[in-house]
Amino acid sequence: MSLYIIVWGLLCLFAAKGALVQERRTTARAEFWLCFLLLAGMLALRYGQGTDYFSYQEYYYMMSDTGFNFPLSDVHGEIGYQFLTNAFRLLHLPYEALVFFLSVLQMGFLLAFFKRYHIDCVLALLLAVPTLYMTYFVSGMRQGVVLAAFLGVLFPLLEKKRYLAYLAGTLLCMLMHTVAAVFLLALLAQLVPKVSTLRLLTLAAWLAGSVVALPATQAWIHSLGIWALRYYLGSVGISWAAVAERLLFLALVTWLYEKLRRQGRLNDAFVLGYRCYLVAMALYGALIANGTTASRMASGMRYIEIYLLIYAAQQMTRAGRCLLVAALIAVQSFMYVKNIHTYLNQGAYRADLTVWTYPYVSVFNEEEIYQYRDVPQESSSTEGPQPAAAGQRQA
């Protein structure tokens, strides 16, 4: 059985147990740290995991190891990422060292987020793993760092109204991945006086995106011959499972928001997080015609839902919390299986592999990856592999 399935089983077991049983704080903390450290170790020590692993590896070995020479037009990545890889190359460190470093950053930022908002529990990990961890941390490394930085650093700055620091942090993140530009929209969202107005804007964005996705509109967009419009708005297929998941969580979070508002249990962080979440969902709806672009752009702030859901669960009765956790386990299990199936298809894995046998390969048994994936083997430990095609991320 796949190690990924075993870990997921542990997360589901501990999350369900935490909802059903009144646990001691020490027991809950032990379960959290067991799962967190296991996930962190798997992330930092992985080899060949993620659709883009070998593409990033190729780009890494294209950087100079004799001096700073960036940016390179034929190397994918923003100037900040190229500077980082160039620095690692100057130190004559292998690609695996960069993966380890970025993994520590990602999990460190995520842990800071959990601790800052007192949601360091297994349920938080269960919400983070299917897409944030498995797609963005494992495969989209640059974007994974940026998303984790928003949660662990930028959102707390926004909450404290340290806008200059927030802006500086956003610009720094944009040097790693330009998707961080969407963080600027969180500042604009604060100018909208009422949450109800933001909801209407989100609805309008979904309606506009639906119109753009119509065949007649798509034909008109392509007839304009404008590359940028075709790239961002051209239809490449809508993932209806992903759309359903976004709408389900949007409805659930909005219902919880209203429930807490009527009970007088809203706090400033929750209201701010809900505002950011509406912006993320509006972006997804506006770009729905292009599922990959919609997921990438909306991902910037959507994972604040981890805090929103857990804070709401903490305010519930045990019966209500059990129902919520059961629903979350069901939905997240579906997304987890769906995403792994996508990784198998996009990662050139053997046709006989399934979700249940999706392999985990570490730096300690690197050669095994070539038994599972159709990728070029390294010619040497210092020169890296030959080019490998990058996968598309949509979840």
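Residues numbered from 1 in each chain as written. Predicted model: local features only at pLDDT ≥ 70, side-chain atom pairs only at ≥ 80, totals over all residues. Heavy atoms only, no water.

Q: Tell me about the overall build of the protein chain, and please be specific about residues and values.
A: Of regular secondary structure, the protein chain possesses 18 helices and zero strands. Scaling as 2.2 N^0.38, a compact globule of 395 residues should have a C-alpha radius of gyration of about 21 Å, and the protein chain matches this with 21 Å. Of the roughly 17000 Å² of accessible surface on the protein chain, a fraction of 67% belongs to carbon and sulfur atoms. Averaging the coordinates of the 29 positive side-chain charges in the protein chain and doing the same for the 21 negative ones gives two points 17 Å apart. (Helix = DSSP H or I, 4+ residues; strand = E, 2+ residues; numbered from the N terminus. Rg over C-alpha atoms; globule rule 2.2 N^0.38 Å. Areas by Shrake-Rupley, 256 points an atom, 1.4 Å probe, with all protein chains shown as cover. Lys, Arg positive; Asp, Glu negative; His and termini not counted. Charge placed at Lys NZ, Arg CZ, Asp CG, Glu CD.)

Q: Outline empty space enclosed by the protein, listing residues and values.
A: As enumerated under the stated definition, the model contains two cavities of 30 Å³ or more in all. If you add up the space inside the second largest cavity, you get close to 60 Å³. Around the second largest cavity, the lining residues are Leu127, Pro130, Thr131, Glu245, Phe249, Arg302, Tyr303, Glu305 and Gln332. Counting only elements with at least two residues in the lining of the second largest cavity, the list comes to helix H6 (122-137) and helix H13 (240-263). Residue contributions to the lining of the second largest cavity peak at three residues, all from H6. Grouping the constituent residues of the lining of the second largest cavity by class yields four nonpolar, two polar and three charged. (1 Å grid on protein atoms, 1.4 Å probe; cavity = no way out; pocket = protein on both sides within 12 Å on 5 of 7 lines; lining within 4 Å. Points joined across faces, edges and corners; volume = space filled by probe spheres on them. Nonpolar A, V, L, I, M, F, W, Y, C, P; charged D, E, K, R; others polar.)

Q: Pulling in residues and values, what's your account of the packing of aromatic side chains?
A: Per the stated rule, a full pass over the model turns up 33 aromatic pairs. The side chain of Arg142 reaches across the aromatic face of Tyr81, ending 6.0 Å from its centre. (Phe/Tyr/Trp six-rings, centres within 6.5 Å; stacked < 30°, edge-to-face > 60°. Lys NZ or Arg CZ within 6 Å of the ring centre and 35° of its normal.)

Q: Provide a residue-level description of the layout of surface pockets, including the pertinent values.
A: Its boundaries defined by the atoms lining it, the second largest pocket holds a volume of some 510 Å³. Lining of the second largest pocket is provided by 23 residues; of these, Gly18, Ala19, Glu23, Ala28 and Cys121 occupy positions nearest its centre. Sorting the residues of the lining of the second largest pocket by element identifies helix H1 (3-20), helix H2 (25-44), H6, helix H16 (305-314) and helix H17 (318-346) as the ones contributing at least two each. Of all the elements, H1 adds the most residues to the lining of the second largest pocket, at four residues. Grouping the amino acids of the lining of the second largest pocket by side-chain chemistry returns 12 nonpolar, four polar and seven charged.

Q: Give me the lowdown on the packing of H1 against H2, citing residues and values where you can.
A: At a minimum axis separation of 11 Å, H1 and H2 run at an interaxial angle of 160°. When the interaxial angle is binned, H1 and H2 end up roughly antiparallel. Taken as a pair, H1 and H2 cross one another with a handedness that is left-handed. For the pair formed by H1 and H2, the contact residues are Leu3, Tyr4, Val7, Leu10, Leu11, Phe14 and Lys17 on the first element and Thr27, Glu31, Leu34, Cys35, Leu38, Leu39 and Met42 on the second. Among the residues making up the contact of H1 with H2, the classes are represented as 11 nonpolar, one polar and two charged. (Axes fitted to C-alpha atoms, helices over the stretch in contact; angles between N-to-C directions. Parallel < 35°, antiparallel > 145°, perpendicular 65-115°, else oblique. Left-handed = near helix turned anticlockwise from the far one by under 90°. Contact = heavy atoms within 4.5 Å.)

Q: With reference to specific residues and values, describe unusual backbone geometry.
A: For His118, which is not a glycine, the phi torsion comes out positive at approximately 55°. Along the chain, His118 turns up in the loop between helix H5 (95-116) and H6. The phi dihedral of Lys161 is positive, around 60°, even though this residue is not glycine. Within the secondary structure layout, Lys161 lies in the loop between helix H7 (141-159) and helix H8 (163-174). What makes Lys161 exposed here is its relative accessible area of 59%. (Buried < 20%, exposed > 50% of the residue type's maximum accessible area, 1.4 Å probe, protein only.)

Q: Mind laying out the side chain of Glu31, listing which residues take part and the relevant values?
A: Along the chain, the position of Glu31 falls in helix H2. Of the polar contacts made by the side chain of Glu31, one reaches the side chain of Lys17; its length is 2.7 Å. Ignoring anything within four residues of it in the chain, the contact list for Glu31 reads Phe14, Lys17, Glu23 and Val122. (Polar contact = N/O pair within 3.5 Å; in protein donor to acceptor, adjacent residues only side chain to side chain.)

Q: If you had to explain the pattern of salt bridges to someone new, which residues and values would you point to?
A: Throughout the structure, instances matching the rule amount to 14 salt bridges. For Asp65, the salt bridge is made with Arg89, and the minimal N-O distance between the two is 3.9 Å. Of this pair, Asp65 sits in the loop between helix H3 (53-62) and helix H4 (79-90) while Arg89 is found in helix H4, placing the two residues 24 residues apart along the sequence. Among the ionic contacts, a cluster of salt bridges with common partners joins Arg25, Arg29, Lys115 and Asp120. (Salt bridge = Lys/Arg side-chain N within 4 Å of Asp/Glu carboxyl O.)

Q: Tell me what's going on with the environment of Val253, and back it up with residues and numbers.
A: For Val253, the position within the fold is in helix H13. Aside from chain neighbours lying at most four places away, what touches Val253 is Tyr274, Tyr277, Leu308 and Leu309.

Q: Lay out the confidence of the model for the protein chain with the relevant residues and their values.
A: The predicted coordinates ought not to be read in detail in places where the model reports low pLDDT. Scored by pLDDT, the protein chain has a mean of 89; 93% of the residues are at 70 or more. The lowest-confidence element of the protein chain is helix H12 (residues 227-233), averaging 68 in pLDDT; the highest-confidence one is H5, averaging 97. Note that pLDDT drops below 50 for residues 379-394; the model gives that stretch 47 contacts with residues more than four away or on any other chain. (pLDDT = per-residue confidence, 0-100.)

Q: Tell me about a nonpolar patch on the surface, and name the residues and values.
A: A cluster of nonpolar side chains, namely Met1, Leu3, Ile6 and Trp356, defines an oily patch on the protein surface of about 450 Å² accessible area. Within the secondary structure, Trp356 is located in the loop between H17 and helix H18 (369-372). Accessibility expressed as a relative area gives 53% for Trp356, which makes it exposed. (Patch = residues over 30% accessible without salt bridge, like charges linked within 9 Å, V, L, I, M, F, W, Y side chains within 5 Å.)

Q: Give me the lowdown on the nonpolar core, citing residues and values where you can.
A: Membership of the largest hydrophobic core comes to 129 residues, with the highest contact counts inside it found for Phe113, Tyr133 and Ile306. The greatest single-element share of this core, amounting to 13 residues, is contributed by H6. Here Tyr133 is in contact with Leu39, Met42, Leu43, Met107, Ala128 and Val138, once residues within four sequence places are set aside. (Core = buried A, V, L, I, M, F, W, Y, C linked by side-chain atoms within 4.5 Å.)

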